[in-house]
Amino acid sequence: MEQRRYERRSARGYLFGCVVAVLLWSTAWAQLRYSISEEVNEGTVVGNIAKDLGLDKSTLIDRKYRIVSSNADPLFHVNQNNGVLYVSRKIDREEVCAQSNTCLMNLKTVLENPLEVHYVGVEILDINDHSPSFPDEEKTLEMSESVLPGVRIPLQHARDPDGGHFSVQQYKLSPNDHFRLEVKDKGEDGKIPVLIVQKSLDRESAGSHSLVLTALDGGKPPKSGETNILVKVLDINDNAPVFSKDVYSVMLDENAPVGTTVIQVNATDLDEGPNGEVVYSFSSIVNRKLLKLFDINPSTGEILVKSLVDYEEKEKYEIEIQASDKGLAPLATQKSVIIKIVDVNDNAPEIEVTSFSSSIPEDSRPGTTVALISVNDLDSGLNGKVICSIGEDVPFALSPSLQDKMYSLMTRSPLDREKQSHYDLTITAKDAGHPSLSSEKTISVVVSDVNDNSPEFSLSPYTFYVTEANEPGTSVFSVKAFDRDENDNALVSYHILRDGSEENKVTSFLNINSETGDILALKSFDFETLKTFQFQVVATDSGTPSLSSNVTVNVFILDQNDNAPVILYPVSSNGSAEGVEEIPRNVNAGHLVTKVRAYDADIGYNGWLLFSLQDVTDHSLFGLDRYTGQIRTLRSFTETDEAEHKLVILVKDNGNVSLSATATVLVKVVEPKEAFAASDVKSATKDEEENNVTFYLMITLGSVSTLFLISIVVLIAMQCSKTTDYTSKYLQETNYDGTLCHSIQYRSGDKRYMLVGPRMSIGSTIVPGSHANTLVLPDRRGTPGELFFDAN
């Protein structure tokens, strides 16, 4: 550019010179040429123009010798004193002449008066003051890894402001295996470096290649410049994802919560971009059931629990995992993940009764098998080891069988249905896990009956009290026996044991209901004839063989007031209760006239007698003792009293419905002498009668006493042998004082008699009269006392 500018200036100077020549008709023109190296110091002499042109140095000033230039900062100036051309400032050839091979500066010098124009050419000689340089310090090239060897890639050439031999002469490439350099000479455009691929690229091996391109000029020593070339290898999807492990295996607790991370798989793809982005999924061959149990995060490769995993359903899962990239033609890799489920003690043992006899006879021997029990636990190891047990308070035990997890339920002690007929056996199965789980199963065992119990009577012996004069054919009492067995073994029938002996004759008048045990009397009992008897009842069950037991039944006949009092004295010769008593008129008050004596075959209240005056001619003269039957005078007789008095005596017993009899006593009042004579005769008669009465009374009382004595001995013996304590209903009556017996003593002359019989709650007294003994009953309002005979 500078060169063209100087050329234009030269042309303009030439035209200007022509014009001046035309105008002045005398123009001188000369051409000088000098050379000087660039970068010389300011004031360096280029040449002596005046000398070389032959100009007079002395006229140079006057003629205004100068260099004509339009540049405000000219490179050269001429000294008007000596005509020497000097360098005005440092000259940079590359700045002045750029890339020109020859840098010639044309200077126009002018002299006036006359006008002379001289052209001076100054050639700027180049020195090697510049190093080659590239447009960019770093250059990035992108190449696909699929590029084939031999491909040529032109590179930017380096520029050197120096020219000629000092310009760029050669290029060098840093050593590498994949590229080489070729330099192409473009003439004026210089040498162009070309990068040639000599070996296939693999981005996964080397994603980029750093090269250094060096440009050298022709200086000695040469100067150089360099640029860094970064060759980026562009990826193609030529690598499938690769898992980080050859085998993935993990342990997972069963029942792990949903969302639990099982394992995280990891795969890498050597490609980049979408070709290297890995997506995880289950393989298409994975069972759909596994897809319900597990899920996978497509981005992270985490396998998650999707639903509850049960060890008992499956112990191990093998899942095919696929890792694929996002290339246009995706590449994929499969890998197996083995998930081993760790058993957790989450299953309680299960109890199953495989063989069971719901009923077992009570006479079964210890060791009899009742049931076969099988236990199962779906867990494994210690979690699946089961121990069975049963309560210790039952007569059963569990015995392990030869077969695993089997037990025999058998009896360990004798059974007794009557003590316990039903067992609810709770079998407990407990595993050995931590914490352990257990389950229970209750089975019911019924103990079936065996006829091993005899009937048992509710009482032994039985004691019944039967009122005499009972209605024939009706039930008088009942026995009851129970059998602790059941069904037919407990069905009891009754019969009376009849051995035909004389003592057992009374049983012929008894009958028993074989089903109910009610005993019927076929005739009425008479206390006065039969006071007690004993027999045995047999109870038999319906078992096979049958068992039986018997019980003794003691029956006591209770007296009823069925006998009216019998007057023993007075008794007339014709049998009527009438008598005549003669007493002296001079007797004093309180004289015993006579004593009415009576007898009642009944006992107790029914046989206790009371005496009363039913009719008397003079109430002021005679009095009657209601307990003893003694008739005494209440006062002395007067002359006005009648000589004969009639007394009607009423004798009645103390029964609920009392019975009575009357006796009539005719009292004659006589003078003393007559009374004594009559008294002697009467005394002899009365003594004879009294002896007869006493004899009969002794026989009666002796019989009664013997019977009662036997009854008492039998009762005492039964009470002593009896194990069960009971109390007779009869003894609990309010009118009975609780004593079984008492004694009654009486005297007749020099003889003493004792009667043993039931104790009375109200005292009674038998007072013998002057002629015979009479049984009398004191008033109930009196004080109780013992019975005795007094021979007054």
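All values reported here derive from a predicted model rather than from experimental measurement.

Thresholds, definitions, all that
- Residues numbered from 1 in each chain as written.
- Predicted model: local features only at pLDDT ≥ 70, side-chain atom pairs only at ≥ 80, totals over all residues.
- Heavy atoms only, no water.
- Helix = DSSP H or I, 4+ residues; strand = E, 2+ residues; numbered from the N terminus.
- Buried < 20%, exposed > 50% of the residue type's maximum accessible area, 1.4 Å probe, protein only.
- Contact = heavy atoms within 4.5 Å.
- Areas by Shrake-Rupley, 256 points an atom, 1.4 Å probe, with all protein chains shown as cover.
- Pairing = 2+ DSSP bridges.
- Axes fitted to C-alpha atoms, helices over the stretch in contact; angles between N-to-C directions.
- Salt bridge = Lys/Arg side-chain N within 4 Å of Asp/Glu carboxyl O.
- Phe/Tyr/Trp six-rings, centres within 6.5 Å; stacked < 30°, edge-to-face > 60°.
- Lys NZ or Arg CZ within 6 Å of the ring centre and 35° of its normal.
- Core = buried A, V, L, I, M, F, W, Y, C linked by side-chain atoms within 4.5 Å.
- Polar contact = N/O pair within 3.5 Å; in protein donor to acceptor, adjacent residues only side chain to side chain.
- pLDDT = per-residue confidence, 0-100.

Looking only at helices and strands, the protein has 5 helices and 53 strands in total. Looking at the protein as a whole, 42% of its 792 residues are labelled buried. Taking the intrachain contacts of the protein between residues at least 6 apart in sequence as the baseline, contacts between residues at least 24 apart amount to 66%. Surface exposure of the protein reaches about 42100 Å², of which carbon and sulfur atoms provide 51%.

A separate point is the sheet that holds strand 45 (residues 609-616). Taken in spatial order, the 4 strands line up as 42-49-48-45 in an open sheet, and their pairing is mixed. Looking at which strands have only one partner, the edges of the open sheet turn out to be strand 42 (578-584) and strand 45. Adjacent strand axes in the sheet meet at a mean angle of 30° when their direction is disregarded. The sheet contact formed by strand 45 and strand 48 (residues 644-653) spans 7 bridges and is antiparallel. Paired with Leu610 across the bridge in strand 48 is Lys652.

Time to look at the pattern of salt bridges. Applying the stated criterion across every chain, the model contains 16 salt bridges. Between Lys326 and Glu277 there is a salt bridge whose closest N-O contact spans 3.2 Å. Taken together, the positions of Lys326 in the loop between strand 22 (316-324) and strand 23 (332-342) and Glu277 in the loop between strand 18 (267-268) and strand 19 (279-282) put the pair 49 residues apart, joining distant regions of the chain. Overlapping salt bridges, with partners in common, bring together Arg203, Glu204, Asp235 and Glu272 in one network.

Pairing in this open sheet of 4 strands is antiparallel, and the strands run 24-26-29-28 from one edge to the other. Each end of this open sheet is capped by a strand with a single partner; those strands are strand 24 (350-356) and strand 28 (396-400). With strand direction ignored, the average angle separating the axes of adjacent strands in the sheet is 30°. Bridge count between strand 24 and strand 26 (residues 369-376): 6 bridges; the pairing is antiparallel. From the neighbouring strand, Glu352 faces strand 26, where its bridge partner is Ser374.

Bringing the packing of aromatic side chains into the picture now. For any two aromatic rings, the description comes down to two numbers: the centre-to-centre distance and the angle of the planes. By the definition in use, this model includes 14 aromatic pairs. Taken together through their ring pairs, the aromatic side chains of Phe457, Tyr462, Phe464, Phe477, Tyr494, Phe525, Phe533 and Phe535 make up a single cluster. One cation-aromatic arrangement involves Lys523 over Phe509; the distance from NZ or CZ to the ring centre is 4.0 Å. Taking NZ or CZ as reference, Lys531 lies 4.4 Å from the ring centre of Phe527, over its face.

Looking now at the environment of Val370. Note on placement: Val370 falls in strand 26. Residue class for Val370 comes out buried when judged on its relative accessible area of 3%. With 11 residues separating them along the chain, Val370 and Ser359 place their C-alpha atoms 8.4 Å apart. Sequence-distant contacts of Val370, defined by excluding residues within four places in its chain, comprise Ser355, Phe356, Ser357, Ile360, Phe396, Leu409, Met410, Thr411 and Val445.

Right, let's talk about the nonpolar core for a bit. Counting 28 residues, the largest nonpolar core has Leu252, Val262, Phe294, Ile321 and Ile339 as the members making the most contacts within it. Contributing elements (two or more residues each) for this core: strand 16 (248-253), strand 17 (261-264), strand 19, helix 4 (288-293), strand 20 (294-296), strand 21 (302-305), strand 22 and strand 23. Per element, the largest residue contribution to this core is 4 residues, and it comes from strand 22. Those residues in contact with Phe294 that sit more than four places away from it in its chain are Leu252, Val262, Phe282, Ile303, Leu304, Lys306, Val309, Tyr317, Ile319 and Ile339. Counting 27 residues, the second largest nonpolar core, distinct from the first, contains Val479, Ile496, Ile519 and Val551.

Our next topic: the side chain of Asn383. Tracing the sequence through the fold places Asn383 in the loop between strand 26 and strand 27 (386-390). On the basis of relative accessibility, which here comes to 15%, the residue Asn383 falls in the buried class. Within polar-contact distance, the side chain of Asn383 engages the side chain of Asp343 at 3.4 Å. Every residue in contact with Asn383, bar those within four places of it in the chain, is listed here: Asp343, Val344, Asn345, Asp377, Asp431, Gly433 and His434.

What follows deals with the environment of Ser307. Mapped onto the secondary structure, Ser307 falls in the loop between strand 21 and strand 22. Relative accessible area serves as the criterion here: at 24%, Ser307 is assigned to the partly exposed category. Here Lys292 takes part through its backbone oxygen, which lies 2.9 Å from a polar atom of the side chain of Ser307.

A few words now on the confidence of the model for the protein. Summary statistics for the protein give a mean pLDDT of 81 and a share of 84% for residues scoring 70 or more. Contacts from residues 1-28, a stretch scored under 50 in pLDDT, to residues over four places away or in other chains number 31 contacts. Here residues 723-792 is modelled with pLDDT under 50, and outside its nearest four sequence neighbours on either side it reaches 173 contacts, counting other chains as well.

What follows covers the pairing of strand 13 (residues 208-217). Two faces belong to every sheet, and in a regular strand the side chains alternate between them. Among the 10 residues of strand 13, 7 are classified as buried, and the element is accordingly described as predominantly covered. Note that strand 10 (residues 168-173) and strand 13 share 5 bridges and pair antiparallel. Counterpart to Leu173 in the pairing with strand 13 is Leu213. Pairing between strand 13 and strand 14 (residues 224-234): 9 bridges, direction antiparallel.

Moving on, we get to unusual backbone geometry. The step from Lys220 to Pro221 runs through a cis peptide bond, and the omega angle for that step is 0°. Of note, the amide linkage connecting Tyr569 to Pro570 takes the cis form, showing an omega dihedral of 0°. By secondary structure assignment, the location of Pro570 is in the loop between strand 41 (566-569) and strand 42. With a phi close to 55°, Asn113 is a non-glycine residue in the positive phi region. The backbone phi angle of Ala469 is positive, close to 65°, even though this residue is not glycine. Of the residues examined, Ala469 reaches a relative accessible area of 54% and is grouped as exposed.

By the element assignment, Ser88 lies in the loop between strand 5 (84-87) and helix 3 (93-96). There is a polar contact of 3.5 Å between the side chain of Ser88 and the backbone oxygen of Phe76. The contact partners of Ser88, leaving out residues within four places of it in the chain, are Glu42, Pro74, Leu75, Phe76 and His77.

What follows concerns the pairing of strand 39 (residues 532-541). Most of strand 39 sits inside the fold, with 7 of its 10 residues counted as buried. Here strand 36 (residues 492-496) runs beside strand 39; their pairing, made up of 5 bridges, is antiparallel. For His495, the partnering residue across the bridge sits in strand 39 and is Val538. Pairing of strand 39 with strand 40 (residues 548-558), which is carried by 9 bridges, proceeds in the antiparallel orientation. By the bridge assignment for strand 40, Thr540 is matched with Ser548. With antiparallel pairing between neighbouring strands as the criterion, strand 39 and strand 40 make up a hairpin whose turn holds 6 residues.

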